[in-house]
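Chain by chain, the residues:
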Amino acid sequence: MIPRPFPFTAIVGQDDMTRAMVLTAIDPGIGGVLVMGDRGTGKSTAVRALAHLLPPIRAVAGCPVNSARRADIPDWARVEDTRLVSRPTPVVDLPLGAGEDRVTGALDIERALTMGEKAFQPGLLARANRGYLYIDEVNLLEDHLVDLLLDVAQSGENVVEREGLSIRHPARFVLVGSGNPEEGELRPQLLDRFGLMVDVTSPSDVETRIEVIRRRDAFERDRAAFLRGWKPAETALRRDILAARKRLPGVVTPEAALRDCAELCLALGSDGLRGELTLLRTARAMAALDGSGELGRDHLRRVAPMALQHRLRRDPMDESGSTTRVARIVEEVFGAVPAAAE
Amino acid sequence: MTPWARAAMACDLLCVAGGELGGLWLRARPGPARDTALARLAPLDARRCPPGASDAALFGGLDMAEALATGRLVTRPGLLDTAPALLLPMAERGAPGLAGRLAAARDAGGPVLVALDEGLGDEAPPLALTERLGLFAALDGIGLADLDAASPDLAAARAAYASVTVPDALRDALVASAAALGIATLRAPRFALAAARAAAALAGRARATEEDARLAAELCLAHRGTPPAEDQPEAPPPDAPPPEPPEGAGGPADADRLVEAARAALPPGLLARLAAARAARGPAASGAGGRTRGTTRGRPLPARPGRPENGRIDAAATLRAAAPWQGLRRRAAPDDPRRLLLRPADIHLKRTERRTERLVIFAVDASGSAAMARMAEAKGAIESLLSQSYAARDRVALVAFRREDAEVLLPPTRSLTQSRKRLQALPGGGGTPLAAALAAAGDLATRARRDGLTPSLILLTDGRANIALDGTANRARAAADATLLARALALPALVIDTGTRPNPNLRELAQALDAPLISLPRSGMAAALAEIPR
């Protein structure tokens, strides 16, 4: 049993990152989060914490792809235990050194060697189905793995056609990547595939930094007590997420909001329609989290930087960061922030 | 505290606190001092992990010989699963990929890391690694006479470690001093906290004192700081404003004393070199040259399936792919006389990757029109670019064009002084044979590629071409020739406009080259090199 991670709600600051993660928990269709920034800012802490925060899923006990119903179990899987159980939302780490076999699954060598049988041994993508796939240092991932992940993330299905096997299974997961831009850039194709992108920086005021260390130290000295102390906050956030999920289908999207989305993306010159769609989805999740029944400008304003900053064409002359550019254009299109909004 | 006492203490602290300190960055040349330090680390039971360690060695894999002999699946565990600690020799040469794997393992509670850094000048291990190594010790200038081997009672200290308390004021002072030193990462104060605890445990105290905190600041914080500026010692580091002194008992005095101790712990030259190493790892200079994948030379990559005519066969990987099928295939063809039943699909090819050196070709417009306007500025810009290329260990070549022809002033070289001299002596005046310059650059690039270099071009011109390729003075033909050559030149390039007014022809030329266009006064020269697409 892995020890309980640091509680999500006890993370100090980093509001953009935690908000982006909560939004993908409300609507997994947003399509993943990319967290880029300084070292030692709690990127991986947040991902692991999120998994523990999320409500458990119902799945067939022995199913390698966490199927929700018995009918969904893939035909290649020999599942003996077909009881429905509830288990934590899967969060699967994709280590940098993982080979293709381990990611997609491959021939089950043990069975092939001992019984001479052709059987499929599911990989990390199978385990991540209906959960999260986390890649730290995503910018250092080998190119052929990146291509493979793009393909699966887009189709929601993992297809293995090799070594005489022909296997397919659902692989719908939220891709969470983190990395430090100094070590290498991410290919634009992969960048665009992440729904949201947030930058994290180290907090600059000492009080915040002391608070981070104080909490971390308290956690490491006495985990049980620390977790007890944060339980009410964790429960409250979990309730909020569940309520927002329920509310999400009922969120009304007025014509004006669609127009706002389009105008914003045009003004930014973002490539393709993916930006608009993501912006809309994320803003709806934001509205659901807020408890409001209708999508408004304020929601768009709040999620625009994370939904759009990585889809801009690069302007070598513009030194300001992408987030600043998005914020500037949001202001131009929507007007300045009304005093009551924030 | 003598440098050796400090280094020995770093080793002991790591033995006491282990994973909570992450590891030790030991900057030392091989020698008795390093050997003694490593002997002190013996309780960690570290195993060596060479800079070229393959994934199979790190993560484990199928033990082919055993599996074939026994007909059972036999896997060999990797270093990351079995070793309690890893010793990384020549860590300054480690690739970011390996560092990333080790770092991920460390975050998941993997082995404690001891990085042996033999770096000269501003070489240093990858940042992903040093970030996760709590302690730093340098063994420069330690003689045999300084070494003493008396070791403390580690077992008692280990037992006491977990229950040592650190007063809140001391903890806050450590965090504040890390911020005051300009250290962004929050791992640093956490390491310092663990070090203070371990130091107290070693001294037999149940409560950490200021002395322990000072030691922690020296060993965990000192090397991460930004070196104090020489001219204005009071100036704060740019992105970390001097902290407001924290309220309460901690008080500024504590933090100040810790900062002082940290600053005094390392010789100033070393701190500057470490900071330079961090900067050199930044995006602008991260790679000297592109990466070339192939099947013949370089660092091995995992084998991929392929056809034998496309490369060299990786026998081990091919066997590994074929082995599981032997039972099935034998059943299908019981009379086949061959011992091993291979199919084409089993064949795996070797893949390797190597970094190639980069060659930056400077093509400088020395014509009358350019010389009149901004020759001095252009020379200054080139000098700054040259020194950057030099720092990134790129080679440079210099092509000057004026009058009727272009001339290779300097064939590919690494000598900074030589390039400077040629540049200073560069005469100006005459026409602008832009096409000839592009042709000369193209020739250089072709030759460079043959020598295994990755060429790129920085073109400094005002774009007013007036000499055609054949040497005649014809403005229209000159421009057409230049555009034509630019299109044919498949070379990552950057065009720097040295003219006083924007020139539409130059924009066109830049487009033909598929290169960004930067005008001289706007071009932050620091950023210019990073703009060159690879």
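What counts, and where the lines are drawn
Residues numbered from 1 in each chain as written. Chains lettered and ligands numbered in written order. Predicted model: local features only at pLDDT ≥ 70, side-chain atom pairs only at ≥ 80, totals over all residues. Heavy atoms only, no water. Helix = DSSP H or I, 4+ residues; strand = E, 2+ residues; numbered from the N terminus. Buried < 20%, exposed > 50% of the residue type's maximum accessible area, 1.4 Å probe, protein only. Contact = heavy atoms within 4.5 Å. Areas by Shrake-Rupley, 256 points an atom, 1.4 Å probe, with all protein chains shown as cover. Pairing = 2+ DSSP bridges. Axes fitted to C-alpha atoms, helices over the stretch in contact; angles between N-to-C directions. pLDDT = per-residue confidence, 0-100. Parallel < 35°, antiparallel > 145°, perpendicular 65-115°, else oblique. Left-handed = near helix turned anticlockwise from the far one by under 90°. Nonpolar A, V, L, I, M, F, W, Y, C, P; charged D, E, K, R; others polar. Salt bridge = Lys/Arg side-chain N within 4 Å of Asp/Glu carboxyl O. Core = buried A, V, L, I, M, F, W, Y, C linked by side-chain atoms within 4.5 Å. Phe/Tyr/Trp six-rings, centres within 6.5 Å; stacked < 30°, edge-to-face > 60°.

## Observations concerning the overall build of chain B
Helix and strand counts for chain B stand at 21 helices and 16 strands. Counting across all 534 residues of chain B, residues that qualify as buried make up 51%. Put simply, of all contacts in chain B between residues at least 6 apart along the chain, 79% involve residues at least 24 apart. Carbon and sulfur atoms form 54% of the exposed surface of chain B, whose accessible area is close to 23,900 Å².

## Re the overall build of chain A
What chain A contains, in helices and strands, is 13 helices and 11 strands. By residue count, 51% of the 342 residues in chain A fall in the buried class. Of all intrachain contacts in chain A linking residues separated by at least 6 positions in sequence, the fraction that spans at least 24 positions is 74%. For chain A, the accessible surface area stands at approximately 15,300 Å², while carbon and sulfur atoms represent 51% of it.

## Describing the sheet that holds strand E5 (residues 85-88) of chain B
All names here are of chain B. The strand order across the open sheet formed by five strands is E2-E5-E6-E1-E7, and the pairing between neighbours is parallel. On the outer flanks of this sheet lie strand E2 (46-48) and strand E7 (135-138), each paired with one strand and no other. Averaged over all pairs of adjacent strands, the angle between their axes in this sheet comes to 20 degrees, without regard to strand direction. The pairing of strand E1 (residues 23-27) with E7 spans four bridges and is classified as parallel. Of the residues in E7, the one forming a bridge with Arg27 is Ala138.

## Description of the sheet that holds strand E10 (residues 173-179) of chain A
Residue and element names in this part refer to chain A. Taken together, the five strands give an open sheet; going across it, the order is E4-E7-E10-E1-E11, and neighbouring strands pair in parallel fashion. Of all the strands in the sheet, the pair left with one neighbour each is strand E4 (91-93) and strand E11 (196-200). Strand-to-strand twist across the sheet, computed as the mean angle between neighbouring axes with direction ignored, equals 20 degrees. Of the strand pairs in this sheet, E4 and strand E7 (residues 131-136) are connected by three bridges, and their pairing is parallel. By the bridge assignment for E7, Val91 is matched with Tyr132.

## Some thoughts on the confidence of the model for chain B
The predicted coordinates ought not to be read in detail in places where the model reports low pLDDT. Residues and elements named next belong to chain B. Residues at a pLDDT of 70 or more form 78% of chain B, whose mean pLDDT is 77. Predicted confidence in chain B is weakest over helix H21 (residues 525-531), with a mean pLDDT of 49, and strongest over helix H10 (residues 187-202), with 92. Confidence over residues 230-252 falls short of pLDDT 50; this stretch has 18 contacts with residues more than four positions distant or in other chains. Scored below 50 in pLDDT, residues 522-526 shows 10 contacts in the model against residues more than four places distant or in partner chains. In the predicted complex, the global pTM is 0.66; the interface-specific ipTM is 0.75.

## Digging into the packing of helix H10 (residues 255-268) of chain A against helix H13 (residues 322-334) of chain A
All names here are of chain A. Running from N to C, H10 and H13 cross one another at 130 degrees; their axes reach a closest spacing of 10 Å. With respect to H13, the axis of H10 lies oblique. You can see that H10 and H13 cross each other, and the crossing is right-handed. Touching Asp260, Glu263, Leu264, Ala267 and Leu268 of H10 are Arg325, Val326, Ile329, Val330, Val333 and Phe334, all from H13. For the contact of H10 with H13, the per-class residue count stands at eight nonpolar, no polar and three charged.

## Brief notes about the pattern of salt bridges
It is possible for side chains of opposite charge to pair when their charged atoms get near one another. On inspection of all chains with the given rule, the structure shows 28 salt bridges over all chains. Ionic pairing is found between A:Glu220 and A:Arg216, a salt bridge with its closest N-O pair at 3.3 Å. Of the two residues, A:Glu220 and A:Arg216 are both situated in helix H8 (residues 206-221); the distance of four residues between them amounts to about one turn of the helix. The class of A:Glu220 is partly exposed, set by a relative accessible area of 24%. The salt bridge partner of B:Asp168 is B:Arg171, with a shortest N-O separation of 3.6 Å. Taken together, the positions of B:Asp168 and B:Arg171, both in helix H9 (residues 168-180) and three residues apart, correspond to about one turn of that helix.

## Some words on the packing of helix H1 (residues 15-26) of chain A against helix H11 (residues 274-290) of chain A
All names here are of chain A. It is the contact of H1 with H11, at a shortest axis distance of 9 Å, that shows an interaxial angle of 90 degrees. Our classification of the angle between H1 and H11 gives roughly perpendicular. Residues Arg19, Val22, Leu23 and Ile26 of H1 form the contact with H11, whose participating residues are Thr282, Ala285, Met286 and Leu289. Residues of the contact of H1 with H11, tallied by class, amount to six nonpolar, one polar and one charged.

## A short note on unusual backbone geometry
Trans is the prevailing form of peptide bonds, just as negative phi is the prevailing case for residues other than glycine. Residues and elements named next belong to chain A. One non-glycine residue, Asn66, adopts positive backbone phi at about 55 degrees. Of the residues examined, Asn66 reaches a relative accessible area of 6% and is grouped as buried. Within the chain, Glu137 stands out as a residue other than glycine whose phi angle is a positive 55 degrees. Looking at the element boundaries, Glu137 is found in the loop between E7 and helix H6 (143-155). On the basis of relative accessible area, Glu137 is assigned to the buried category, the value being 3%.

## A closer look at the nonpolar core
Counting 96 residues, the largest nonpolar core has B:Leu13 and B:Leu21 as its most contacted members. The element that contributes the greatest number of residues to this core is H10(B), accounting for 12 residues. Apart from the residues within four sequence positions on either side, B:Leu13 is in contact with B:Gly18, B:Leu21, B:Leu135, B:Ala195, B:Ala198, B:Ala199, B:Leu202, B:Leu215 and B:Leu219. Formed by 59 residues, the second largest nonpolar core is a distinct cluster that contains A:Val33, A:Ile241, A:Met306 and A:Ile329.

## Some details on the environment of B:Gly306
Residue and element names in this part refer to chain B. Locating Gly306 in the fold gives a position in the loop between strand E9 (299-305) and helix H14 (315-322). The class of Gly306 is partly exposed, set by a relative accessible area of 23%. Measuring from C-alpha to C-alpha, the distance between Gly306 and His348 comes to 5.6 Å, with 42 residues separating the pair along the chain. Once residues within four sequence positions are removed from consideration, Gly306 is found in contact with Ile347 and Leu349.

## Side note on the pairing of strand E1 (residues 33-37) of chain A
All names here are of chain A. For E1, the tally of buried residues reaches five of five residues, placing the bulk of the element in the interior. On E1, burial covers both faces: Val33, Val35 and Gly37 on one face and Leu34 and Met36 on the other are all buried. Pairing geometry for E1 and E10, over four bridges, is parallel. By the bridge assignment, Val33 is partnered in E10 with Val176.

## Focus: the packing of aromatic side chains
This structure, assessed with the given rule, holds six aromatic pairs over all chains. Geometrically, the ring pair formed by B:Trp25 and B:Phe136 is edge-to-face, given 4.9 Å between the ring centres and 85 degrees between the ring planes. Taken as a pair, B:Trp25 in strand E1 and B:Phe136 in strand E7 lie far apart in primary sequence, 111 residues in all. For the residue pair B:Trp25 and B:Phe136, the accessibility class agrees, reading buried in each case. What links up through ring pairs into an aromatic cluster is the set A:Phe6, A:Phe219, A:Phe226 and A:Trp230.

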